[in-house]
Amino acid sequence: MPSDSPDPALRALELRRLIERANYQYYIQDQPEISDLEYDRLLRELQEIEEAHPELRTSDSPTQRIGAPLQGRLPKVEHLVPMLSLDNAFNDDELREWAARTVRLAGEDAQRAGYTAELKIDGSAVGLTYERGVFVRGATRGNGTVGEEVTLNLRTVHDVPLRLNTPNPPELVEIRGECYMPFDSFEQLNDQRRRDGEPVFANPRNSAAGSLRQLDPLVTAQRRLRFFGFSVAAPPDVRLPFTTQWELLDTLHSWGIAIDPHRRACATLDDVIEFVRTVEHTLRAELNFGIDGVVVKVNPLAIQEELGDAGREPRWAIARKFAPDIAVTRLLSIEINVGRTGALNPYARLEPVEIGGAMVKLATLHNEKLIRDRDLRVGDWVQVKRAGEVIPQVIGPLPERRDGTEREWAMPGRCPRCDTPVERDLDQAAVYCPNVACPARQLEGLVHFVSRSAMDIRGLSYARIQQLLDAGMVRDPADIFALRAEQVASLERFADKSAENLLDAIAAAKQQPLWRLLNGLGIRHVGTGAAQLLARHFETLETLAGATEEDILAVRGVGGIIAHSVVSYFANETTKTLIEKLRAHGVNFTEPVVHRTNGRSSLSGKTVVITGTLPTLSRTAATELIEGAGGHVTSGVSKSTSFVVVGADAGSKLETARKLGIETIDEAELLRRVGLDSKNSE
Ligand code: IVH
């Protein structure tokens, strides 16, 4: 032990102060004053003192960032105040509309004190609870009301102070912000995973969310997550030392919380627009982390309170999103994927190009028509678009850059997997492999059968299913239920334990409700929405299998194409054999009553409006679900509307809902509210 401080208690105190200061300079100020070596030396000395004198170890000591692993699942925690999400503005006009609305609702004061504009970091929202300045609990956003407790993991994030740097901390506050993974850490992590033969993360956001939800904090500690704070929630009786968003950020900073260093106080909306432009076109490319917009907030907290929330979104803030990213690259080849229904889907293999922080090598081409209409040729320079999480898309070629070496492409006349002559589906502009035993169709069909929205059998990845098919252990979905442990364990890379877990998951899946089985069977045109309507109406698989087109048309929300497809599916001999095999393995063929009553009265007394095109439900199907849950559907939005279900291309109804401050939800949320989403229905 160094001789300058003989008393270990005093020395420990001093070391803690030095280490905290170094953390603050490094993580918050971005101006390290001591070397990494020196830092490690201080930390090691403190560890040694604490080992020799365990009574000197405090929970906020920097040596205590990494705790013991948890067993089982992460505990759930209810948020003090719900964690909201944000409404989006995709262009300057929408931003101006938002600002005008704040003025309509709260008067000139809503704009007089200006706006705070902050980067919208693409990570995972978390809340950090501090009691009298000490970090006691950290939670993920979860569904906004209930999140998961990830205290131990957040303790490993170096810019989460274990104690706030203030002599007068509030009694209780929750500091909210974004936990994210910088690009360099993300790349290192994926390089390491590649070397270890583990699957790589798709983007920094997923890897931040995944790292945050680890059971073992040591794993999180190695992931090098960062945090920045942007808001504060506190019980009503707690007094906070700020009155504007700008002051809030400054206060967080003084407490030792990292905040967005690029934030801008904007006197007018024009300043905001100018800032957005600079961020989008200049700053964004220089950052070491992903952002997907700028969050604009009305500055005075009193006005924020007056404006309040519209459902899950505050009226006082908006996310100004950036335009989707477009890049130009070479189209190397057009390849074909055979889907579970036999559809031949062409996709583009591209010369790898970076778009919005991700390397893009493949992109969808949708269907043959697009290739023909745009006269896309192999070897062309093409424009590729990537927006958020959606699969990159080829927009079209740049014909002026052709040099004559480009080749035209035609859809093959035979299935690339099984060589069966393809068939054309006239009304769908699609080409199909009609062979039900086509190995590509079998693989995709099984992948769909076990997927989350169908039988939800965990542990059967794409590669695993391919292994089972190659080994001849499965051919159709029913064969999955015939698998034996020793058979599975004999496969390469299958440990005894994972074989056992898999068989447990398969056994449990036999009890899934009928709608999941129906969706899993992959009947053409029957997705989750139709499967749920059919299961509710017919209650058993036998009744549905015996139904005529007319019987099926009697189900509200189900149309002629589906009715026809269902009847011809059950008339097929292969289907009949499959169903008998499933029955022999004890697979449930009924729709459990609990599941139906769950959502039956969940919307009683609610008046609901549907607008725009929903992703899977037709208008009638959605109406049927709402009415089935006791709700009432009307066509116009008014003050008495309880909420509006919004789909793509929603028009004036959405606008009216926003003006009136009526809650808007998406299809997924509707399914949850009627007790039919994948998580509630078990
Ligand atoms: S304010 C009630 N500010 O974006 C206001 N959010 O899409 C809630 N986000 O859930 C958020 N950077 O996780 C705010 N500077 C920022 C942000 C930010 C990223 C995230 C946050 C929120 C999501 C909404």
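Residues numbered from 1 in each chain as written. Predicted model: local features only at pLDDT ≥ 70, side-chain atom pairs only at ≥ 80, totals over all residues. Heavy atoms only, no water.

A. Quick look at the sheet that holds strand β10 (residues 291-298). As summarised here, the arrangement of the five strands in space is β2-β13-β10-β3-β9, forming an open sheet in which the pairing is mixed. A single partner strand is all that each edge strand has here, and the edge strands are β2 (88-89) and β9 (264-266). For strand β3 (residues 115-121) and β9, the ladder comprises three bridges, and the chain directions are antiparallel. By the bridge assignment, Thr116 is partnered in β9 with Ala265. (Pairing = 2+ DSSP bridges. Helix = DSSP H or I, 4+ residues; strand = E, 2+ residues; numbered from the N terminus.)

B. View of the side chain of Ser211. The residue Ser211 is located in helix α7 (residues 204-212) in this model. With residues up to four places along the chain from it excluded, the contact list for Ser211 reads Asn153, Met181, Thr220, Arg223 and Leu225. (Contact = heavy atoms within 4.5 Å.)

C. Structural context of the sheet that holds strand β5 (residues 134-140). Here we have four strands laid out as an open sheet, ordered β5-β4-β7-β8, and antiparallel in their pairing. Only two strands of the sheet have a single partner each, and these edge strands are β5 and β8 (226-233). Mean inter-strand twist for the sheet, computed between neighbouring axes without regard to direction, equals 30°. Judged from the six bridges that link them, strand β4 (residues 124-131) and β5 form a sheet pairing that is antiparallel. Bridge pairing links Glu131 to Val134 in β5. Against the sheet, helix α9 (residues 245-254) touches β7 (172-180) and β8, its axis set at about 130° to β8. (Axes fitted to C-alpha atoms, helices over the stretch in contact; angles between N-to-C directions.)

D. Looking closely at unusual backbone geometry. Phi at His525 is positive, roughly 75°, even though this residue is not glycine. Position of His525 among the secondary structure elements: in the loop between α18 (514-521) and α19 (528-538).

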